[in-house]
Amino acid sequence: MTFRKLNPGLIFVRSYSSAVGVGDVDGVLYRDGGNGRGGFSSKTRLATGWIYLGGLLMRHLLRRAAAATAGLVAVAGLGLPASARAEEPGVVIPTGGVWGLDFAGGVLHSVETAPSGDQAVVTRLVSPDATSVAAPVYETFAIGMKTEPCEAGACVMLRGNGNGDTGVVAVQPDGTDRFHLLISKNSLSPGAESGSGMRITDVTGRYYVYDVASTAKQYADDYARYHPTDANSLTRKTGAGSLWGAGLWNASTTAGVVTVTDLEQQKVTGTVATGAPCVIKELQVVGRWLYWSCGADGPAGVYDRTAGRKISVPSGPALVSDGYLVRHDRTAGKLMLTEFRSGVTREVADLPAGRTADQRRQTWAVDKFGGDIAYLGPDQAIHVVPSGVPAEPLTKIESEVDYPYPWAFEDPRVWASTWQLSRPANWALTLKDRAGRTVRTVRGGPGAEVDVVWDGKGDDGQYVLSGPYTWTVTATPVDGAGTAAVSGTFTLGHGRQGHHDQRGAYYGDIVTLNSKGGLTTHEGGGNGTFPTKETGTGWSAGTVAVPFGDMNGDRCAELLVRMPGGELRRYDGKCNGIYSPGSTHATLGTGWNAYNVLTTPGDLTGDGRADLLARKSSTGDLYLFADNGAGKLKAGVRIRTGWAAYNLIAGAGDLNGDGHGDLLTRHKDGTLYWYAGLGTGQFKERVKIFSGWGGSYVSLIGAGDITGDGKADLVVRDKSGVLYRNNGNGKGGFSSKTKIATGWTYLGVF
């Protein structure tokens with residue numbers, strides 16, 4: 001590009017292959033044809049309303065109603081006065097030339113000259129109303145990508161897939177072709193089937209389909225970003241095909257008949273008789289609309305799959321979006337839009353005939369997800385205009401949902417999923433625990449894909465509890481017309497452990513000691529019972545166990561054990577419940593035989609860590625030993641006196657959902673009391689739950705949630721070894737008892 005003063009009033013010169021464009025101070029654009037000997041013919045007037053600004057030639061776009069309004073708008077990254085707005089809706093993006101163009105999900109894909117001077121694949125996010133555009137992202141160099149003849153010489157085959165990725169064909173060193181998705185800057189997906197004469201048939205979200213001339217085969221597959229699988233691949237004879245989500249639509253050998261194959265199920269799920277008078281040569285499917293063509297000069301039509309209606313449309317190269325198609329009328333030099341509902345055909349833009357019969361994705365493109373239209377003007381700028389056609393209600397067309405049992409190990413990607421939408425939307429993902437409480441909300445958009453990578457943490461930045469979760473994605477289209485929602489469940493493992501959880505599965509567990517020295521973890525199954533158990537041996541009579549919380553940050557709950565001699569040990573959590581005396585442990589002190597009650601209420605101090613309560617035998621005073629955050633306990637602090645009248649004391653976890661650990665006590669007169677934790681290391685005053693309660697009970701265990709409803713439950717054992725459960729109501733109270741086991745004649749139940 002050169003800039004020089006040619007004649008009075010001419011201020012801009014732009015070089016093309018055989019001509020120059022010149023603009024004068026009044027905004028008139030001229031063309032001087034080259035004579036091949038370094039000279040030019042006399043000027044020919046092309047257009048008016050063009051300005052020179054910052055080294056770029058662009059059309060002077062006048063706002064129809066507010067030319068004098070102050071403010072700035074975004075046009076190709078330049079701050080222009082508000083008067084530089086289109087008389088007709090749209091945005092103009094100056095370029096130095098385009099060698100390939102596509103539009104999908106609000107993302108404009110093109111091949112242009114990078115700042116280095118090399119051709120590169122470029123993406124730009126266009127606003128849903130086509131009034132602004134983000135700065136270009138130069139994704140990767142276009143060197144080695146397959147091209148086809150076009151107006152610009154040779155254009156790269158591009159296919160946007162609606163989530164920002166770009167489908168391309170790379171030429172291998174041996175001359176064969178291989179399909180890839182450009183999934184991030186300078187990053188390609190693994191290559192698919194290779195061969196000679198490859199052409200991209202269609203791309204939608206993670207699914208793609210292409211034909212290979214050398215094998216006479218059509219290949220369909222997917223690129224699962226987070227969970228790779230080979231289950232969705234399909235090979236068939238070459239022929240007309242189109243993708244919408246996981247549905248591959250193909251023309252059959254019977255005139256007018258189309259079949260659809262579900263690539264996830266790997267089976268044909270339906271057929272459609274379109275009414276086409278031929279074996280269909282081209283297909284395009286967008287939602288309810290199925291476009292067919294008998295070839296470049298043959299008839300074409302649209303089948304409305306919802307209404308079962310056959311619609312006639314003009315023949316010729318066309319691209320389909322939601323509710324309309326655009327075709328290039330080369331005779332008229334126009335892009336023409338035909339609406340399916342009304343049958344009305346109208347002009348979209350001027351586009352000269354050029355030399356290439358089919359210029360789709362070379363000089364013009366249509367966003368089948370977003371509804372906007374892009375074309376290359378004579379100024380080598382990309383013009384984007386909205387269609388003005390109402391879209392169908394927003395839907396999810398395909399999804400890649402993570403496994404139902406994710407584990408929160410050190411990998412920051414705990415649960416990753418995507419949902420492909422029918423058009424751009426703003427969205428929110430909400431995660432709720434089993435009690436219906438929202439633990440995390442993630443928002444995104446606008447875009448035609450919901451892409452979520454969850455790290456296992458809540459909105460407070462801490463790991464959430466293990467256990468079942470419900471996810472809900474709610475998407476609102478950018479045009480504001482209605483919403484769409486999908487939901488599902490998964491069960492998180494190895495998150496933050498729940499109260500009395502020894503295996504990292506959230507449900508409460510109980511530990512027992514038998515007369516043979518077996519220390520057994522009875523694992524809660526979420527059904528109100530303890531269906532499985534694991535035993536470690538070698539323990540002596542007099543051993544006292546306290547299922548505790550995570551003290552070292554590995555999200556496996558530690559087990560505190562007071563040995564018969566009074567030593568208190570911290571056994572490292574294993575998330576499997578099996579402990580022997582020689583298992584990895586640390587000493588937390590000696591002399592603990594001075595206490596006749598050891599229990600944990602959960603987090604009593606509000607620091608997110610479980611704490612230990614101990615009652616002194618000699619005084620009945622209650623002491624708090626807080627977790628110091630370094631695998632030890634802080635010095636004891638007396639928080640209650642004269643508790644000798646309580647013959648059963650049990651840490652209960654969070655009984656009322658306020659996040660603080662609570663305590664249950666039974667008075668010797670048979671009254672059961674609830675002490676609600678304050679989160680300060682203290683309790684509120686007691687609240688009576690039951691009177692005349694449990695005269696035969698010898699064990700009281702705040703077992704955490706063992707019923708799977710998100711509420712902490714109570715377990716008791718009577719003198720005969722019968723085990724009962726009282727369901728927590730989440731408000732500090734309990735239901736009547738239910739017998740859940742017999743024969744629990746253990747030396748200790750903890």
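Model, not experiment: these values are computed from the prediction. (Residues numbered from 1 in each chain as written. Predicted model: local features only at pLDDT ≥ 70, side-chain atom pairs only at ≥ 80, totals over all residues. Heavy atoms only, no water.)

(A) Just the sheet that holds strand β36 (residues 345-350), in detail. The strand order β33-β34-β35-β36 describes an open sheet built from four strands, whose pairing is antiparallel. The sheet is open, and its two borders are formed by β33 (318-321) and β36, each paired with just one other strand. Each strand axis lies, on average, 25° off the axis of its neighbour in the sheet, ignoring direction. Direction of pairing for strand β34 (residues 324-329) relative to strand β35 (residues 334-339): antiparallel, over a ladder of six bridges. Counterpart to L325 in the pairing with β35 is T338. (Pairing = 2+ DSSP bridges. Helix = DSSP H or I, 4+ residues; strand = E, 2+ residues; numbered from the N terminus. Axes fitted to C-alpha atoms, helices over the stretch in contact; angles between N-to-C directions.)

(B) Summary view of the pairing of strand β39 (residues 382-386). Counting buried residues in β39 gives four out of five residues, a clear majority hidden from the surface. In this sheet, β39 lies alongside strand β38 (residues 372-376) in antiparallel orientation, the contact comprising five bridges. Within the sheet, the bridge partner assigned to D372 lies in β39 and is P386. (Buried < 20%, exposed > 50% of the residue type's maximum accessible area, 1.4 Å probe, protein only.)

(C) Summary view of the sheet that holds strand β31 (residues 300-304). The strand order β29-β30-β31-β32 describes an open sheet built from four strands, whose pairing is antiparallel. Every other strand in the sheet has two partners, leaving β29 (282-286) and β32 (309-313) as the edge strands with one partner each. Here the average twist between neighbouring strands, direction ignored, is 20°. In terms of strand pairing, β29 meets strand β30 (residues 289-293) through five bridges, oriented antiparallel. Within β30, the residue paired with Q284 across the bridge is Y291.

(D) The state of the cysteines, seen in detail. Within the structure shown, the criterion is met by three disulfides. The disulfide partner of C150 is C155, and the S-S distance across this bridge is 2.1 Å. Since a negative S-S torsion denotes a left-handed disulfide, the C150-C155 link at about 80° is right-handed. Comparing C150 with C155 shows no difference in burial state: the two are buried. Residue C556 pairs covalently with C575 via a disulfide, S to S 2.0 Å. Between C556 and C575, the S-S torsion sits near -120°, and that sign places the bridge as left-handed. (Disulfide = S-S within 2.5 Å.)

(E) Geometry of the pattern of salt bridges. For the structure on display, the rule yields 32 salt bridges. Its salt-bridge partner being R225, residue D165 comes within 3.5 Å of it at the nearest N-O pair. Of this pair, D165 sits in the loop between β16 (159-160) and β17 (166-171) while R225 sits in the loop between β23 (217-222) and β24 (234-237), placing them 60 residues apart in sequence. Among the ionic contacts, a cluster of salt bridges with common partners joins D165, R225, E449 and D451. (Salt bridge = Lys/Arg side-chain N within 4 Å of Asp/Glu carboxyl O.)

(F) Quick look at empty space enclosed by the protein. Overall, the coordinates contain four cavities of 30 Å³ or more when judged by the stated rule. Every residue lining the largest cavity is counted, 14 residues in all, and those nearest its centre are N163, G205, R206, R225 and E449. Going through the elements one at a time, β40 (396-400) and β41 (415-433) are the ones with two or more residues in the lining of the largest cavity. For the lining of the largest cavity, the class distribution of residues is three nonpolar, five polar and six charged. If you count residues domain by domain, the lining of the largest cavity takes at least three from each of domain 1 (91-386) and domain 2 (401-492). (1 Å grid on protein atoms, 1.4 Å probe; cavity = no way out; pocket = protein on both sides within 12 Å on 5 of 7 lines; lining within 4 Å. Points joined across faces, edges and corners; volume = space filled by probe spheres on them. Nonpolar A, V, L, I, M, F, W, Y, C, P; charged D, E, K, R; others polar. Domains from an automatic or database assignment.)

(G) The pairing of β31, seen in detail. Summarising burial for β31: five of the five residues are buried, a large majority. Here β31 shows a buried face lined by A300, V302 and D304 and a second buried face lined by G301 and Y303. Hairpin connection between β30 and β31: a loop of six residues separates the two successive antiparallel strands, and G295 in this loop has a positive phi of roughly 125°. Here β31 pairs with β32 via five bridges, running antiparallel. Paired with G301 across the two strands is S312, which belongs to β32. Counting the residues between successive antiparallel strands, the hairpin from β31 to β32 contains four residues, one of them, G308, with a positive phi of roughly 65°.

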